[in-house]
Amino acid sequence: MHSLRPATALWALALIAAVSDAFSIPSRPALAPPPPAPRPKVGDRRVGTWNPHPRMTAALDPRTGSFLPPVDVTPIRVEAMVPRAQRAFAAGVSGQFVLIASAVLSYALVATAAPVSLMALFDQGILLPFVDNLTPAALCFGGADVVTQLVSSREEQKRAGTAIRVDAWRSLSASLVGILCNAIGLTVWLHFLNPCLPSSSVGGLARGKLPLLVAKTMTHAFVWGTLSNSASLVLRRMLAGDSPNMSVAFWNSKIMQVTRSNMAFWPVWMLVNFALVPQAMQVRVTAVGAFCFNIFMSYVSSQR
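Everything in this summary refers to the structure shown in the same document. Since we're looking at a predicted model, the values are computed, not measured. (Residues numbered from 1 in each chain as written. Predicted model: local features only at pLDDT ≥ 70, side-chain atom pairs only at ≥ 80, totals over all residues. Heavy atoms only, no water.)

Side note on the side chain of Ser-230
Line of reasoning, step 1. As for its placement among the helices and strands, Ser-230 is situated in helix H6 (residues 210-239).
Line of reasoning, step 2. Here Ser-230 falls in the buried class, since its relative accessible area comes to 4%. (Helix = DSSP H or I, 4+ residues; strand = E, 2+ residues; numbered from the N terminus. Buried < 20%, exposed > 50% of the residue type's maximum accessible area, 1.4 Å probe, protein only.)

Okay, structure coming up:
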């Protein structure tokens, strides 16, 4: 393992700062509590007579002696809800920042500790490492989006009688995301991860190799899962026409849901992948798993 150089540590810190600036969301302004409800008086035709027990009370008209229609005068206590909502919002934003920053830092540390350089990936040519993975990634990501659209259109047809439609641009956008995140991004990530924990250390399902296999699987699911899912959510919304700010806000609202689903699906798939599949085929096997997972991702990304 190569030791961490100061320049690399500074680069990692700068990258975390950039992620913090890009994905930070200003805190919501505090909401002032409503003024206390005035104590009603007998004969007040606006609020009615005071009765603290029932939620509804009636106003007495002093001219006729009859009651007017009942009015709800129960005070609404919202001041205790506002701080709790603000704390939950702040905790959610902080948790998401910690999640993405930890993934970026882990990526930087793995890339630095690996006994290979990035340029070694391109010894045979710039495009050669990615060529074999382009078609499976594009087909699996785009095909998953088509399946999602067909299922959604079928449900809409049953509910509203509309025709089944498939948005070709949306499916092409999903294919582009697959090329960037799977064929290119995952190839680069595994180029650094596999030398740190090679197949000779984690291959097979032998008991002695199981701890390192689990460590590699969970590192991959957390680090690459967080980075690729974040990129996928933002890129899909931007390709759908959203502004960068709208795309980041969408990411903020969905990343926790996607991360929970990611940690429920990918560790099992990648454990089998790392244990039994040759390293040269692991990106393509991941693309097959991405076909299943991206049916869910396409559905989430299409929501508003």
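The discussion continues.
Examining the side chain of Gln-149
Line of reasoning, step 1. As for its placement among the helices and strands, Gln-149 is situated in helix H3 (residues 128-160).
Line of reasoning, step 2. Classification of Gln-149 as buried rests on a relative accessible area of 6%.
Line of reasoning, step 3. A polar atom in the side chain of Gln-149 sits 2.5 Å from the backbone nitrogen of Asp-167.
Line of reasoning, step 4. Separated by 3.1 Å, the side chains of Gln-149 and Ser-171 make a polar contact.
Line of reasoning, step 5. Setting aside its immediate chain neighbours within four residues, Gln-149 contacts Arg-165, Val-166, Asp-167, Arg-170 and Ser-171. (Polar contact = N/O pair within 3.5 Å; in protein donor to acceptor, adjacent residues only side chain to side chain. Contact = heavy atoms within 4.5 Å.)

Section: empty space enclosed by the protein
Line of reasoning, step 1. One pass over the full model with this rule turns up one cavity of 30 Å³ or more.
Line of reasoning, step 2. Size it by volume and the largest cavity reaches roughly 230 Å³.
Line of reasoning, step 3. Where the lining of the largest cavity is concerned, the elements lending two or more residues are helix H4 (168-196), H6, helix H7 (244-276) and helix H8 (282-301).
Line of reasoning, step 4. Ranked by residue count, the leading element in the lining of the largest cavity is H6, at seven residues. (1 Å grid on protein atoms, 1.4 Å probe; cavity = no way out; pocket = protein on both sides within 12 Å on 5 of 7 lines; lining within 4 Å. Points joined across faces, edges and corners; volume = space filled by probe spheres on them.)

Thoughts on the packing of aromatic side chains
Line of reasoning, step 1. Summed over all chains, the structure comprises five aromatic pairs.
Line of reasoning, step 2. Consider the rings of Phe-265 and Phe-293, whose centres lie 5.9 Å apart with planes at 25 degrees: the pair is stacked. In this pair, Phe-265 sits in helix H7 while Phe-293 sits in helix H8, placing the two residues 28 residues apart along the sequence.
Line of reasoning, step 3. A network of ring pairs unites the aromatic residues Phe-265, Trp-266, Trp-269, Phe-293 and Phe-296 as a single cluster.
Line of reasoning, step 4. Stacked on the ring of Phe-274, the Lys or Arg Lys-216 has its end atom at 4.5 Å from the ring centre. (Phe/Tyr/Trp six-rings, centres within 6.5 Å; stacked < 30°, edge-to-face > 60°. Lys NZ or Arg CZ within 6 Å of the ring centre and 35° of its normal.)

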